[in-house]
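Below are the chains, spelled out letter by letter.
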Amino acid sequence: MKFFSENLDNLRKLYINQLQMLLSTEEQITEALPKMIEKATDPDLKNAFQTHLQETRGHVSRVKQILNEVTGEAKSIKCKALAALVTEAEDMIKDATDESVRDAALITAAQRVEHYEMAVYGTVEYFAEILGETAQADLLEETLSEEKQADQLLTEIADRVNTSAQKAA
């Protein structure tokens, strides 16, 4: 069984592969966030998702810019991990009947995605540094910083929303 579908025999190829999966990740998030905005009832949560949707569009643009610089094209490779996280989120949201519980589920799902993104962006940024791609590392760090801020905001909103969800029980 092959772990990857292509021969990743050096760090540069792995870097490109991960960038292509990041592009897929960000594109999938761009599709999922409008649904999450629609399902959210907490005004702060709705606003956080709307803000992050705009940021995510910028993330797509940055990853495309880097891929164009590195390969001459912005081709994505489907990120199966993110697809699974989206499916799991859809199931949780559908099963939550109380609004505050649904908002808590939305935060749970969003933070899973943020943590996945932070892990990948941190790794890919380090690859860029090792490969001497300083400008690309800076773009990746900018995105990583935005992902961390989004996660922190979700944590702050969760402090209130989770308390409301607990009262629903």
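As a reminder, the structure under discussion sits directly above these lines.
Residues numbered from 1 in each chain as written. Predicted model: local features only at pLDDT ≥ 70, side-chain atom pairs only at ≥ 80, totals over all residues. Heavy atoms only, no water.

Q: I keep staring at helix H3 (residues 80-95) and nothing clicks. Help me out?
A: Owing to its 3.6 residues per turn, the α-helix brings residues three or four apart onto one side. Counted at 1.5 Å a residue, the expected span for H3 with its 16 residues is 22 Å, and the 23 Å between its end C-alpha atoms agrees. Among all positions of H3, only Leu82, Ala83, Leu85, Val86, Ala89 and Ile93 are buried. Axial view of H3: buried residues confined to an arc of 160 degrees, hence all on one face. Structural note: H3 exposes Lys80, Lys94 and Asp95 on the side pointing more than 90 degrees away from its buried face. (Helix = DSSP H or I, 4+ residues; strand = E, 2+ residues; numbered from the N terminus. Expected span 1.5 Å × (residues − 1). Buried < 20%, exposed > 50% of the residue type's maximum accessible area, 1.4 Å probe, protein only. Arc of directions from axis to C-beta.)

Q: Even after reading the chapter, I still don't get the environment of Tyr121, so can you show me in this structure?
A: Within the secondary structure, Tyr121 is located in helix H4 (residues 99-130). Linking Tyr121 and Ala105, residues 16 residues apart in sequence, is a C-alpha distance of 24 Å. Beyond its immediate stretch of four places on either side in the chain, Tyr121 contacts Leu22, Glu26, His59, Val63, Leu140, Thr143, Leu144 and Glu147. Among the polar contacts listed, one links the side chain of Tyr121 to the side chain of Glu26, at a separation of 2.6 Å. (Contact = heavy atoms within 4.5 Å. Polar contact = N/O pair within 3.5 Å; in protein donor to acceptor, adjacent residues only side chain to side chain.)

Q: When you look at the pattern of salt bridges in this model, what are you seeing that I'm missing?
A: When charged atoms on two side chains of opposite charge get close, those side chains can pair. In the structure shown here, the tally under the stated rule is seven salt bridges. In this structure, Arg12 engages Glu133 in a salt bridge whose closest nitrogen and oxygen atoms are separated by 3.2 Å. Taken as a pair, Arg12 in helix H1 (residues 11-39) and Glu133 in the loop between H4 and helix H5 (134-168) lie far apart in primary sequence, 121 residues in all. Salt-bridge contacts for Arg160 lead to Asp42; the nearest nitrogen and oxygen are separated by 2.4 Å. In this pair, Arg160 is assigned in helix H5 and Asp42 in the loop between H1 and helix H2 (43-71), connecting sequence segments 118 residues apart. For Asp42, a relative accessible area of 10% corresponds to the buried category. Within the structure, one salt-bridge network assembled from shared partners comprises Asp42, Asp44 and Arg160. (Salt bridge = Lys/Arg side-chain N within 4 Å of Asp/Glu carboxyl O.)

Q: Quick question: what am I supposed to make of the nonpolar core here?
A: Most often, soluble globular proteins keep nonpolar side chains buried together rather than apart. Leu45, Phe49, Leu82, Leu106 and Ile107 are the most contacted members of the largest nonpolar core, which totals 28 residues. Listing elements by their share of this core, those giving two or more residues are H1, H2, H3, H4 and H5. Setting aside its immediate chain neighbours within four residues, Leu82 contacts Thr25, Gln28, Ile29, Val113 and Tyr116. (Core = buried A, V, L, I, M, F, W, Y, C linked by side-chain atoms within 4.5 Å.)

Q: Explanation requested: the environment of Ser24 in the structure shown.
A: Topologically, Ser24 is positioned in helix H1. With relative accessibility at 5%, the residue Ser24 sits in the buried group. Once you skip the residues sitting within four places of it in the chain, Ser24 turns out to touch Ser76, Ile77, Lys78 and Cys79.

Q: Help me understand the packing of H1 against H4 in this model?
A: Each packed pair of helices is defined by two parameters, the angle between the axes and the distance between the axes. Running from N to C, H1 and H4 cross one another at 160 degrees; their axes reach a closest spacing of 10 Å. By the criterion of interaxial angle, the relationship of H1 to H4 is roughly antiparallel. Where H1 crosses over H4, the handedness of that crossing is left-handed. Residues belonging to the contact of H1 with H4 are distributed by class as follows: 17 nonpolar, two polar and five charged. (Axes fitted to C-alpha atoms, helices over the stretch in contact; angles between N-to-C directions. Parallel < 35°, antiparallel > 145°, perpendicular 65-115°, else oblique. Left-handed = near helix turned anticlockwise from the far one by under 90°. Nonpolar A, V, L, I, M, F, W, Y, C, P; charged D, E, K, R; others polar.)

Q: I'm lost on the packing of H1 against H3 in this one. Help?
A: Packing of H1 against H3 brings their axes to within 10 Å, and their N-to-C directions diverge by 10 degrees. Classed by the angle they form, the pair H1 and H3 counts as roughly parallel. On the side of H1, the interface is formed by Thr25, Gln28, Ile29, Ala32, Lys35 and Lys39, while H3 contributes Leu82, Ala83, Val86, Glu90 and Ile93. In terms of residue class, the contact of H1 with H3 is built from six nonpolar, two polar and three charged.

Q: Looking at this structure, how should I read H4?
A: In this model H4 runs 46 Å from its N-terminal to its C-terminal C-alpha over 32 residues, within 8% of the 46 Å that 1.5 Å per residue would give. Gly132 occupies a position one or two residues after H4 and carries a positive phi of about 80 degrees.

Function-wise, these values are silent; they only describe arrangement.
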